[in-house]
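Each chain, written out:
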Amino acid sequence: MDKIIIRGGKRLSGAVPISGAKNAALTLLPCALLTDEPLTLRNLPRLADIDTFQHLMNQFGVSTTIAGSRPEDFGRVMTLEATRITSNVAPYDLVRKMRASILVLGPMLARMGEATVSLPGGCAIGNRPIDLHLKALEALGAQIELASGYVRAIAPDGGLPGGRYSFPMVSVGATENAVMAAVTARGKSTLHNVAREPEIVDLCNMLGAMGAKIEGVGTSELVIHGVPRLHGATYRVMTDRIEAGSYACAAAITGGEVLLQNAKIEEMEATAQALRDAGLHLEPRPEGLFVGTNGALRPITLATAPYPGFATDMQAQLMALLCRADGTSVLTETIFENRYMHVPELNRMGAHIETSGKTAVVHGVSGLSGAEVMATDLRASMSLVIAGLAAQGETQVHRLYHLDRGYERLEEKLALLGADVERLSDD
Ligand code: UD1
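Since the model is a prediction, treat every value here as computed from it, not as a measurement. (Residues numbered from 1 in each chain as written. Predicted model: local features only at pLDDT ≥ 70, side-chain atom pairs only at ≥ 80, totals over all residues. Heavy atoms only, no water.)

Peer 1: Help me understand the sheet that holds strand β9 (residues 150-154), please; the structure alone is not making it clear to me.
Peer 2: A sheet is described by the order of its strands in space; here four strands give the open sequence β6-β7-β9-β8, paired in mixed fashion. Two strands lie at the open edges of the sheet, namely β6 (89-90) and β8 (143-147), each paired on one side alone. With two bridges connecting them, β6 and strand β7 (residues 114-118) associate as parallel partners. Residue pairing for β7: Val89 is matched across the bridge by Thr116. (Pairing = 2+ DSSP bridges. Helix = DSSP H or I, 4+ residues; strand = E, 2+ residues; numbered from the N terminus.)

Written as structure tokens, this is what we have:
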């Protein structure tokens, strides 16, 4: 298993290319199941989760080819072709590795009239049920059966009729599954209180390019007019707003500045506002978003919320930054129940953070010190890297596979900005 070694204290500066969005890619890939024509995705990030999803698609009989990108390039171009689907079962082994495998349920059901997916179970950051995915599919006309750790969804007459569903709470994944199931339903579907994340807009835009008819894109109500079939398309995956925000925090904690190439401020307004409140200077430029520091970091108070609120996926990285603020910040995590696992590790690096239920009180400290720390989930791992960049001495972050799930060639990108980082094998 690999680890990353960071010798902190270097001021980061320069430009960093921001990759295609992991969470957009993970809902664009299963759309290949909706058509027998080729779907080509450009700007697909090179990440472990994408490789796992590719294996899952191959297991269904979908062919995947990667166009000749050079090893030094960021991103890839992948063409998926689901001419003939040979299996509609997503097995435990693959779903266990990656919860997002559940996103094949809707499109597989739509295409094949039946889909069986292993139940994902809990994960490090919380319980994470899929009840809303199943209720939404039922409302669109599916029959759902649960047995032996698997969920089986069936469209009774070979295809879904479509229907109405009002989500009792906002769910990104359940919205995605419902949209992908509804696009080829026989009738009209209306989905209320859907998630409005930019990744969902990206999904709807790509489905539109494949021939889907979706109204209300970007709002909390989607009206989907089912079409008999979708065709292939070529589509560029949106920029990763969470990766962009993470590098902004990384540069800021070192007192540095960074040009986040390809980042779009309009897709990350809540993060941008939090960074401005913390005293950073942000400037949209033609090539991306420039982030610089204006002296001392200020403490802030905020709560995570569904988009357009502050993303739970940015909470850990922002917390690392606020460890160095001039005063006490208060963060409240409202989306997941167990998303403070980075706190004890940050405290081992000299941070002063107290948690009580959903709330974390971050008392700014004058310095952090390097330590050996253990990554527990993707964003928690990045928060430890960010802290390590500002810490005195050496920080070793173990269990790097978490970071490889969501940050394309992290150590290379940090090195581009002047960080002293090294990837080593733990063995
Ligand atoms: C997605 C993102 C993840 C992000 C999260 C919230 C992907 C691959 N992952 O995850 O990075 O942190 O959105 O922005 O895009 N819930 C239920 N029942 C359900 C579904 C969800 O109770 O059927 C709850 C969850 O436990 C959680 C909340 O709803 O408390 C939001 O989860 P959801 O938006 O569904 O997150 P994911 O789609 O799993």
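Peer 1: Is there a simple way to explain the pairing of β7 in this structure?
Peer 2: For a regular strand, the rule is simple: side chains alternate between the two faces of the sheet. Counting buried positions along β7 yields four of five residues, so the element is predominantly enclosed. Strand direction decides the pairing type here: β7 and β9, joined by five bridges, are antiparallel. Residue pairing in the sheet places Ala115 in a bridge with Ala153 of β9. (Buried < 20%, exposed > 50% of the residue type's maximum accessible area, 1.4 Å probe, protein only.)

Peer 1: I would appreciate a short explanation of the nonpolar core in the present structure.
Peer 2: The tendency in soluble globular proteins is for nonpolar side chains to be buried side by side. Ranked by internal contacts, the top residues of the largest apolar core, which has 79 residues, are Phe60 and Leu207. Sort the elements by how many residues they give to this core and helix α6 (residues 172-182) lands first, with six residues. Apart from the residues lying within four places of it in its own chain, the contact partners of Phe60 are Leu33, Arg84, Ile85, Thr86, Ser87, Asn88, Val89, Ala90, Val104 and Met108. Counting residues in hydrophobic clusters, the runner-up holds 72 residues, among them Ile242, Ala371, Leu389 and Leu403. (Core = buried A, V, L, I, M, F, W, Y, C linked by side-chain atoms within 4.5 Å. Contact = heavy atoms within 4.5 Å.)

Peer 1: Is there a simple way to think about helix α9 (residues 269-277) in this case?
Peer 2: For an α-helix, 3.6 residues make a turn, and residues three or four places apart therefore share a direction. Residues of α9 that are buried: Thr271, Ala272, Ala274 and Leu275. Looking straight down α9, one finds its buried side chains confined to an arc of 160 degrees; they lie on one side. Where α9 is buried, its residues touch α8 (241-253), β16 (280-285), β18 (301-303) and α10 (315-322). Just downstream of α9, Gly279 is the residue with a positive phi angle, here 100 degrees. (Arc of directions from axis to C-beta.)

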